[in-house]
Amino acid sequence: MARGLFILFEGCDRSGKTTQSTRLVQALTESGVNAKLVKFPDRTTAIGKMIDAYLTQKTQLSDEAIHLLFSANRWEAMHQMRTDLDNGITLVVDRYAFSGVAFSAAKKLSFKWCKAPDVGLIAPDRVFFLDIHPDDAAKRDGYGDEIYEKREFQIEVRVKFFTMMDAAWSIVDALKSPDEIHRQIMALTNTALKRHEDAPAPIGKLWT
Ligand code: TMP
């Protein structure tokens, strides 16, 4: 049996990642692909609860400490993710290490330091970057509820994302209608699935 694909959604806050990743899992499942949604931060674990308290401004942590907690929250999920991929389950992941680096680097921590704890995580096969200018994101419902939802900061975060893009990434215009975005993402995903079927690649390691 071929392993599952690792499809990642990244983007600034309120870019529609959660809507689109959920829709992608539904559509894949309906078309007979074994697919599962994974979200980072996973706020259900002990580490995730500390992250949630920080994001909702109930506790304070240094920039370095929260960065390492986000990374630990991914490492604690690696065993399950690898097992799922090995069992042929396609993982649709909402945020990952690129968010980790983009948000912490936007606080002026160095790229090298930010990347280090995530080196060796399972690497995504395809990354969809839902691109929205923070001025447009700010008009969306609920914006500003959490610690990072501030215009100038999000502009910095968006710049940091752009510096990490490579051939595995596709930039998707997040201002289009949800249906249009979904269609574009389905087309890109189907191409990736077909390519993987024709020439399966082993699971990669991030930043190695
Ligand atoms: P969420 O809104 O997707 O649940 O993400 C919560 C916030 O945490 C969001 O502003 C992005 C930020 N974040 C980081 O700063 N580092 C990380 O590693 C991750 C996954 C998210």
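Being a predicted model, the structure only gives us computed values, none of them experimental.

Engineer: Explain the site of the ligand here, please?
Structural biologist: Neighbouring the ligand are Asp 13, Phe 40, Pro 41, Leu 55, Phe 70, Arg 95, Ser 99, Gly 100, Phe 103, Glu 146 and Tyr 148. For the shell around the ligand, the leading source of residues is helix α5 (residues 97–105), giving three residues. By residue class, the composition of the shell around the ligand is six nonpolar, two polar and three charged.

Engineer: Quick question: what am I supposed to make of the UniProt feature "domain: Thymidylate kinase-like" (unreviewed entry) in the protein here?
Structural biologist: Following the UniProt record, the feature "domain: Thymidylate kinase-like" (unreviewed entry) maps to residues 9–185 here. Measuring from the first to the last C-alpha atom of residues 9–185 gives 10 Å, for a span that is 49% helix and 14% strand.

Engineer: How do you make sense of the environment of Ala 35 when you look at a structure like this?
Structural biologist: Here Ala 35 lies in strand β2 (residues 35–39). You can call Ala 35 buried: it has 22 C-beta atoms within 10 Å. A sequence separation of 32 residues divides Ala 35 from Arg 3, and the C-alpha atoms of the two residues are 12 Å apart. With residues near it in sequence (within four places) discarded, Ala 35 still touches Val 25, Leu 28, Thr 29, Ile 89, Thr 90 and Val 92.

Engineer: What is the right way to look at unusual backbone geometry in this model?
Structural biologist: In terms of backbone geometry, most residues other than glycine have negative phi values and most peptide bonds are trans. Omega for the bond connecting Phe 40 with Pro 41 falls within 30 degrees of zero, at 0 degrees, which places this linkage in the cis form. One non-glycine residue, Arg 14, adopts positive backbone phi at about 65 degrees. Tracing the sequence through the fold places Arg 14 in the loop between β1 (6–11) and α1 (17–30). Its identity is not glycine, yet Arg 95 carries a phi of approximately 75 degrees, on the positive side. Locating Arg 95 in the fold gives a position in the loop between β3 (90–94) and α5. By C-beta crowding, Arg 95 is classed as buried, having 22 other C-beta atoms within 10 Å.

Here is what the cut-offs are and how they apply
- Residues numbered from 1 in each chain as written.
- Predicted model: local features only at pLDDT ≥ 70, side-chain atom pairs only at ≥ 80, totals over all residues.
- Near = placed C-beta within 6 Å.
- Helix = DSSP H or I, 4+ residues; strand = E, 2+ residues; numbered from the N terminus.
- Nonpolar A, V, L, I, M, F, W, Y, C, P; charged D, E, K, R; others polar.
- UniProt positions renumbered as here; feature names shortened; annotations may be inferred.
- Buried ≥ 20, exposed ≤ 12 C-beta atoms within 10 Å, placed from the backbone.
- Contact = placed C-beta atoms within 7 Å.

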